[in-house]
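Breakdown of the fold
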Amino acid sequence: SGSWNTKELSVSSLLFDIREKSRTGKVGLANLGNTCYMNSWLQAMFMTDPFRNKIVSFSNSNKGPRRMDSNGVFEQLQKLFGYLLLTHRHAVNPNGFTKAISGMFPIGAQQDSQEFGKYLFSELEADEKKENNNDNNNDGGSNKEKQRTIVEEVFGGEVKSTVTCLKCKKKSERVEPITDISLTLSDDRQEENLESLLESFQAPEMLNGNNQYSCDECGCYQDAEKVLEVKTAPSHLILTLNRFRYDFKNNTRVKLLNKVHYPLSIHVPRCATDSKSKPERLKYNLYAVIMHSGTSAHHGHYYCYARPSKEATNNSEEEEELIKLREAKTFYLFNDSFVDSSSFNSFSKINNRFDKDVPYILFYRREEGSIGVESERDATVAVKVASEVNVDNEKFLLEQETLAKRQAKAVKRIGYARVNTYIYDDNEEDDDYN
């Protein structure tokens, strides 16, 4: 039997588990013990259409044996996404996936959603590269070109760091790959604007005092200026607001509750890629937000608002206000097993009502030059995963039928029809249930 059915949940949650998926058509994820950090990130990834589609349809090219561990992160994520796409249940139990990550993220421990995301990307890339290398070896090594991983295709970009010595004026450049950008918040809990934070990220930084630059040309430490610029713009941009930092005075980690205004659309500066090109501003549209609720850096609750990334399309400046008013069903709230419709106009102002609930991680889709339409169309789920989900769907129907029969017996036995108050004993004998 698979690890995704109701038997993995406690008996007391069985009635809860056999409800059908919500009217939104979206599926929740059961919280198995402080796993909201994981559930929120996974739902944001699932709503990233090209990422989800590439994961669920991935398979080796039959040139050799599969190298991936069937209990590893990649295969368990593929299975989980397959269930989120095809299940009839209102929520999926991610037990198999949590087992795959239990070495680094044990159930029950408070964890950080951003750290989990970085770990997930690292594990997925390692598994995929292992599989791609296996294909190349079985192909006689004919495909020598470096294959981009799914993570690189969807979220990969590059940042260029330029350090200029203020004495000799020599410039030193370095280009580094990124899958997200971390933005620094101020310490005084002031209100901030996302685009201003992006500008600060790329603003010149002085390297002086104890942080001087070691200049090769001068042969000693010198004052210098450092500038970070986006060189290769990712198709899907992840922005992390650095809300957790160490307070050296009080010797503890603290959470910054700064209110950050984030729009449906932002413009991200990109530097010139060569001598013939010019700097430009690229437009990105919001499709997911991970929220953190609570005052502590050590614990709290995560939940997510998201819409399919392919729906984060062209919004002209004139249309934005109208969009905010009419998109009541555009976004979804993913709060562990609970899923409901939401709107940008509603959740973008949630901090006005609940000042402990703040945006932590933002996901934007690039408007121009994003991954092609083909990768945003619903993909075919890997056959072995689809078969497993179909078996579980049949079991789900049997569970519903069994519950209906037991409820009917209860009504007959106790003589009134308050069916919703009846909780049955899963060990009760029933000739109709096998």
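Conventions used here
Residues numbered from 1 in each chain as written. Predicted model: local features only at pLDDT ≥ 70, side-chain atom pairs only at ≥ 80, totals over all residues. Heavy atoms only, no water. Buried < 20%, exposed > 50% of the residue type's maximum accessible area, 1.4 Å probe, protein only. Helix = DSSP H or I, 4+ residues; strand = E, 2+ residues; numbered from the N terminus. Core = buried A, V, L, I, M, F, W, Y, C linked by side-chain atoms within 4.5 Å. Contact = heavy atoms within 4.5 Å. Salt bridge = Lys/Arg side-chain N within 4 Å of Asp/Glu carboxyl O. Pairing = 2+ DSSP bridges. Phe/Tyr/Trp six-rings, centres within 6.5 Å; stacked < 30°, edge-to-face > 60°. Lys NZ or Arg CZ within 6 Å of the ring centre and 35° of its normal. pLDDT = per-residue confidence, 0-100. Axes fitted to C-alpha atoms, helices over the stretch in contact; angles between N-to-C directions. Parallel < 35°, antiparallel > 145°, perpendicular 65-115°, else oblique. Left-handed = near helix turned anticlockwise from the far one by under 90°. Nonpolar A, V, L, I, M, F, W, Y, C, P; charged D, E, K, R; others polar.

This part covers helix H3 (residues 49–57). With 7 of its 9 residues buried, H3 lies for the most part within the structure. Within H3, burial applies to Asp49, Pro50, Phe51, Arg52, Asn53, Ile55 and Val56.

Membership of the largest hydrophobic core comes to 58 residues, with the highest contact counts inside it found for Trp41, Phe51, Phe97, Phe116 and Phe363. Here the element with the most residues in this core is helix H2 (residues 36–46); it accounts for 8 residues. The residues touching phenylalanine 116, leaving out its near neighbours within four places in the chain, are Tyr37, Met38, Trp41, Leu42, Phe97, Ile101 and Phe105. The next biggest cluster of nonpolar side chains, apart from the first, holds 34 residues, and it includes Ile178, Ile181, Phe201 and Val230.

On to the pattern of salt bridges, then. On inspection of all chains with the given rule, the structure shows 16 salt bridges. One salt bridge connects aspartate 340 with arginine 23, and the closest N-O pair in it is separated by 2.9 Å. Residue aspartate 340 is located in strand E19 (residues 338–342), and its partner arginine 23 is located in the loop between helix H1 (14–17) and strand E1 (28–29); the two are separated by 317 residues in the primary sequence. In this structure aspartate 340 comes out as partly exposed when scored by relative accessible area, which is 22%.

Note that strand E3 (residues 157–165) and strand E4 (residues 171–178) share 8 bridges and pair antiparallel. Within the sheet, the bridge partner assigned to valine 159 lies in E4 and is glutamate 176. Two successive antiparallel strands, E3 and E4, enclose a turn made up of 5 residues, where lysine 169 displays a positive phi of approximately 70°.

Our focus in this paragraph is the packing of aromatic side chains. All chains considered together, the criterion is met by 22 aromatic pairs. Judged by centre distance (6.3 Å) and plane angle (80°), the ring pair of phenylalanine 97 and phenylalanine 116 falls under edge-to-face. Of this pair, phenylalanine 97 sits in helix H5 (residues 95–100) while phenylalanine 116 sits in helix H6 (residues 113–138), and the two are 19 residues apart along the sequence. With a centroid separation of 5.8 Å and an interplanar angle of 75°, the aromatic rings of tyrosine 303 and tyrosine 305 are classed as edge-to-face. Note on accessibility: tyrosine 303 and tyrosine 305 belong to one class, buried. Put simply, the rings of Trp41, Phe46, Phe51, Phe81, Phe121, Phe155, Tyr287 and Phe363 touch in pairs and so form one group of aromatic residues. In this structure, arginine 52 is placed above the aromatic ring of phenylalanine 46, and the distance from its NZ or CZ to the ring centre is 5.1 Å.

Summing up the model confidence of the protein, the mean pLDDT is 83 and the portion of residues at 70 or higher is 80%. When mean pLDDT is taken per element in the protein, H2 scores highest with 98 and H1 scores lowest with 46. This model gives residues 1–16 a pLDDT under 50, and the stretch forms 44 contacts once residues within four places in sequence are excluded. Here residues 417–434 scores under 50 on pLDDT; set against residues more than four positions off or in separate chains, the count is 28 contacts.

Below, the discussion takes up the environment of serine 343. Along the chain, serine 343 turns up in the loop between E19 and helix H10 (344–347). Residues serine 343 and tyrosine 332, 11 residues apart in the sequence, show an inter-C-alpha distance of 7.5 Å.

Right, let's talk about the packing of H3 against helix H4 (residues 73–86) for a bit. Helix packing for two helices is described by the angle between their axes and how far apart those axes are. Across the interface, H3 lies against H4 with an axial gap of 8 Å and an inter-helix angle of 110°. The angle between H3 and H4 places the two elements in the roughly perpendicular class. The handedness of the crossing between H3 and H4 is left-handed. Between H3, through Phe51, Arg52, Ile55, Val56 and Ser57, and H4, the contact on the second element is made entirely by Phe74, Leu77, Gln78, Phe81, Gly82 and Leu85. Residues that form the contact of H3 with H4 fall into these classes: 7 nonpolar, 3 polar and 1 charged.

Position of aspartate 187 relative to the elements: it lies in the loop between strand E5 (181–184) and strand E6 (192–193). Overall, the relative accessible area of 60% leaves aspartate 187 in the exposed class. Between the C-alpha atom of aspartate 187 and that of leucine 256, which follows or precedes it by 69 residues, the distance is 7.2 Å.

As a further point, take the pairing of strand E12 (residues 244–247). Every other side chain in a regular strand lies on the same face of the sheet, so the side chains alternate between the two faces. Alignment of E12 against strand E13 (residues 252–255), held across 4 bridges, turns out to be antiparallel. Note that in E13 the partner of phenylalanine 244 across the bridge is lysine 255. Turn length for the E12-E13 hairpin, with the two strands adjacent in sequence and antiparallel, is 4 residues, and the turn residue asparagine 251 shows positive phi of about 55°.

In this fold, lysine 160 is placed in strand E3. For lysine 160, the residues in contact, after removing those within four places along its chain, are Glu173, Arg174, Val175, Val227, Leu228, Glu229, Lys231 and Cys271.

Moving on to the environment of valine 381. Looking at where valine 381 falls in the secondary structure, it is placed in the loop between strand E20 (357–366) and helix H12 (383–414). We classify valine 381 as buried; its relative accessible area is 9%. Spatially, the C-alpha atoms of valine 381 and phenylalanine 58 are 8.5 Å apart, while their sequence positions differ by 323 residues. Once residues lying within four places of it in the same chain are set aside, the contact partners of valine 381 are Val56, Gly82, Leu85, Leu86 and Ala386.

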